[in-house]
Amino acid sequence: MRKLKIGVICYPSLGGSGVVATELGAMMAEKGHELHYITSSMPFRFIDGHPNIHFHEVTIEGYAVFKYPPYDIALANRIAQVIEAKNLDLLHVHYAMPHAVSAALGKDMAESDIPVITTLHGTDVTILGRDSALRNTVRYGVNKSTLVTAVSESLKTETLELINPTVDIRTIYNFIDENTYIPVESESLKNELGILETEKVLIHISNFREVKKIPDIVKSFQLVLQEVDAKLLLVGEGPEKENIEKLVAEMKLEDHVIFTGKRTDMPALLGISDVMIHMSEKEAFGLVLLEAMACGVPSVATNIGGIPEVIEDGVNGFLVSVGEVESAAQKCLQLLQDESRHSTFRENGFKIVNEKFNSANIVTEYEQLYYEVVNRK
């Protein structure tokens, strides 16, 4: 089958959607397809220099008539330019709003019948889709797509209930690069972070938003500390960081909680960790849980959204209800104090990664979808 020219629209910043968009693109490029990323800046984990991967920057001119720079219009204009200049076969858009809306507008600008696949990652439906002022805009972006995918069955169900779309929605799980996310040991990293050999390590990775409920993690960790010597790694940045730092200081945990900031050495950080803790109140999938699993780290996470499709309670991790700080601490302690259980969960996790979230299988699903919409046109 002929190789395709694929336009990709995604957020360039750290986050599950950007990671999946770039990882998927890299694997498609290795299959011989041509990828054209249309974003405001170089995407996170972008593979610069690959002959099949190209970057088209969206620039926004400042005009006095606009109170705020109209990024969605600038994006639509750039999409139209790339459709025409590169003769693209299809667009793969990550997030319904604003990206699917901009793609629909750009497609019209180019007077093109190019197919559009929109992948829903969560907040475009679970937050924006619940806002009555934005729901119709989200529905418009979804319905203007040729086909829509959701990263979990939970998200698909929620989309059908909230948005009531007219377009077909299919579930395709997120995945990780198994060559990158593997168990590694790094004593030097422990030394760098000031972690003693006798200390257990809990880790949380996110963009530090309120929805992630990081204060619950800190409170759970304080209870864990009463039983075992441990450190908590908080990896990432975000709007809630200052509040979390204040809470850590108020709880006198400064010597035990390490704010690492943004890092690119995730496998190494996971390699020195014993348990991933994730207390979010909304999560369409939970990519960091899959990354942890692939690195041999079992998780304690909340029983919401798509998380139960990644973490099987009592098999490769534990699930608790949102806000159950004490229960989360108890589950963490079970894993930290029972080496046999930890080892069983770790091995079960490797098996689930290989069988359910195998990257080769999932990339093939997307590739077949690409050919389906192109042939449909």
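Quantities reported herein were computed from a predicted structural model and do not represent experimental measurements. (Residues numbered from 1 in each chain as written. Predicted model: local features only at pLDDT ≥ 70, side-chain atom pairs only at ≥ 80, totals over all residues. Heavy atoms only, no water.)

1. Details of the overall build of the protein
Then step 1. The helix and strand inventory of the protein stands at 14 helices and 13 strands.
Then step 2. The C-alpha radius of gyration of the protein comes to 21 Å, within 12% of the 21 Å expected for a compact globule of 377 residues.
Then step 3. Overall, the protein is about 65 × 50 × 40 Å in size when its C-alpha atoms are taken along their principal axes.
Then step 4. Of all 377 residues assigned to the protein, the portion counted as buried reaches 55%.
Then step 5. Relative to all contacts within the protein whose residues are 6 or more apart in sequence, the contacts with residues 24 or more apart total 70%.
Then step 6. Put simply, the protein shows about 16100 Å² of open surface, and 46% of that area lies on carbon and sulfur atoms.
Then step 7. Of note, the protein has its 35 positive side-chain charges centred 5 Å away from the centre of its 53 negative side-chain charges. (Helix = DSSP H or I, 4+ residues; strand = E, 2+ residues; numbered from the N terminus. Rg over C-alpha atoms; globule rule 2.2 N^0.38 Å. Buried < 20%, exposed > 50% of the residue type's maximum accessible area, 1.4 Å probe, protein only. Contact = heavy atoms within 4.5 Å. Areas by Shrake-Rupley, 256 points an atom, 1.4 Å probe, with all protein chains shown as cover. Lys, Arg positive; Asp, Glu negative; His and termini not counted. Charge placed at Lys NZ, Arg CZ, Asp CG, Glu CD.)

2. Quick look at the pairing of strand 9 (residues 230-235)
Then step 1. Where burial is concerned, most of strand 9 is hidden: six out of the six residues are buried.
Then step 2. Neither face of strand 9 is exposed, since Ala-230, Leu-232 and Leu-234 on one face and Lys-231, Leu-233 and Val-235 on the opposite face are all buried.
Then step 3. Since strand 8 (residues 200-205) and strand 9 lie parallel, the crossover through helix 8 (residues 214-225) that links them has a hand, and here it is right-handed.
Then step 4. In this sheet, strand 10 (residues 257-261) lies alongside strand 9 in parallel orientation, the contact comprising four bridges. Residue pairing across strands places Leu-234 opposite Phe-259, the latter belonging to strand 10. (Right-handed = clockwise from strand over helix to strand, strands pointing away. Pairing = 2+ DSSP bridges.)

3. Looking at the pattern of salt bridges
Charged atoms that come close allow side chains of opposite charge to pair.
Then step 1. Under the criterion given, the structure shown has twelve salt bridges.
Then step 2. For the salt bridge of Asp-89 with Arg-2, the shortest nitrogen-to-oxygen distance reads 3.0 Å. Taken as a pair, Asp-89 in the loop between helix 2 (71-86) and strand 4 (90-94) and Arg-2 in the segment before strand 1 (5-9) lie far apart in primary sequence, 87 residues in all.
Then step 3. Note that Arg-170 and Asp-168 form a salt bridge whose closest N and O atoms lie 2.8 Å from each other.
Then step 4. Classification of Arg-170 by relative accessible area gives partly exposed; the value is 28%.
Then step 5. You can call Asp-168 partly exposed: its relative accessible area is 37%.
Then step 6. Among the charged side chains, a network of salt bridges with common partners joins Asp-168, Arg-170, Glu-372 and Arg-376. (Salt bridge = Lys/Arg side-chain N within 4 Å of Asp/Glu carboxyl O.)

4. A short note on the sheet that holds strand 10
Then step 1. Pairing within the open sheet is parallel, and its six strands lie in the order 10-9-8-11-12-13. Each edge of the open sheet carries a strand with a single partner, namely strand 10 and strand 13 (317-320). Each adjacent strand pair in this sheet contributes to an overall mean axis angle of 25 degrees, direction not counted.
Then step 2. Pairing of strand 8 with strand 9, which is carried by six bridges, proceeds in the parallel orientation. Of the residues in strand 9, the one forming a bridge with His-204 is Leu-234.
Then step 3. Contacting strand 9 and strand 10, helix 9 (residues 241-250) runs over the sheet at an angle of about 160 degrees to strand 10.
Then step 4. The strands that helix 11 (residues 287-294) touches are strand 8, strand 11 (275-278) and strand 12 (299-302); relative to strand 11, the one it contacts most, it runs at about 170 degrees. (Axes fitted to C-alpha atoms, helices over the stretch in contact; angles between N-to-C directions.)

5. A closer look at the nonpolar core
Then step 1. In this structure, Leu-91, Leu-233, Leu-270, Met-276 and Leu-290 are the most contacted members of the largest nonpolar core, which totals 95 residues.
Then step 2. If one sorts the elements of this core by residue count, helix 14 (residues 359-376) sits on top with eight residues.
Then step 3. Residues Ile-214, Val-228, Ala-230 and Ile-277 belong to the second largest nonpolar core, which totals 31 residues. (Core = buried A, V, L, I, M, F, W, Y, C linked by side-chain atoms within 4.5 Å.)

6. Here's the deal with the sheet that holds strand 1
Then step 1. Strand order in the open sheet formed by seven strands is 3-2-1-4-5-6-7, and the pairing between neighbours is parallel. Looking at which strands have only one partner, the edges of the open sheet turn out to be strand 3 (53-57) and strand 7 (169-171). Geometrically, the sheet is characterised by an average inter-axis angle of 25 degrees between neighbouring strands, direction not taken into account.
Then step 2. Alignment of strand 6 (residues 147-150) against strand 7, held across three bridges, turns out to be parallel. Bridged to Thr-149 within strand 7 is Arg-170.
Then step 3. Packed on one face of the sheet, helix 6 (residues 153-162) meets strand 5 (116-120), strand 6 and strand 7 and runs near 160 degrees to strand 7.

7. Structural notes on unusual backbone geometry
Then step 1. Backbone torsion omega between Met-97 and Pro-98 reads 5 degrees, so that peptide bond is classified as cis.
Then step 2. Considering the arrangement of structural elements, one finds Pro-98 in helix 3 (residues 96-109).
Then step 3. You will see that Lys-213, though not glycine, has its phi angle at about 55 degrees, which is positive.

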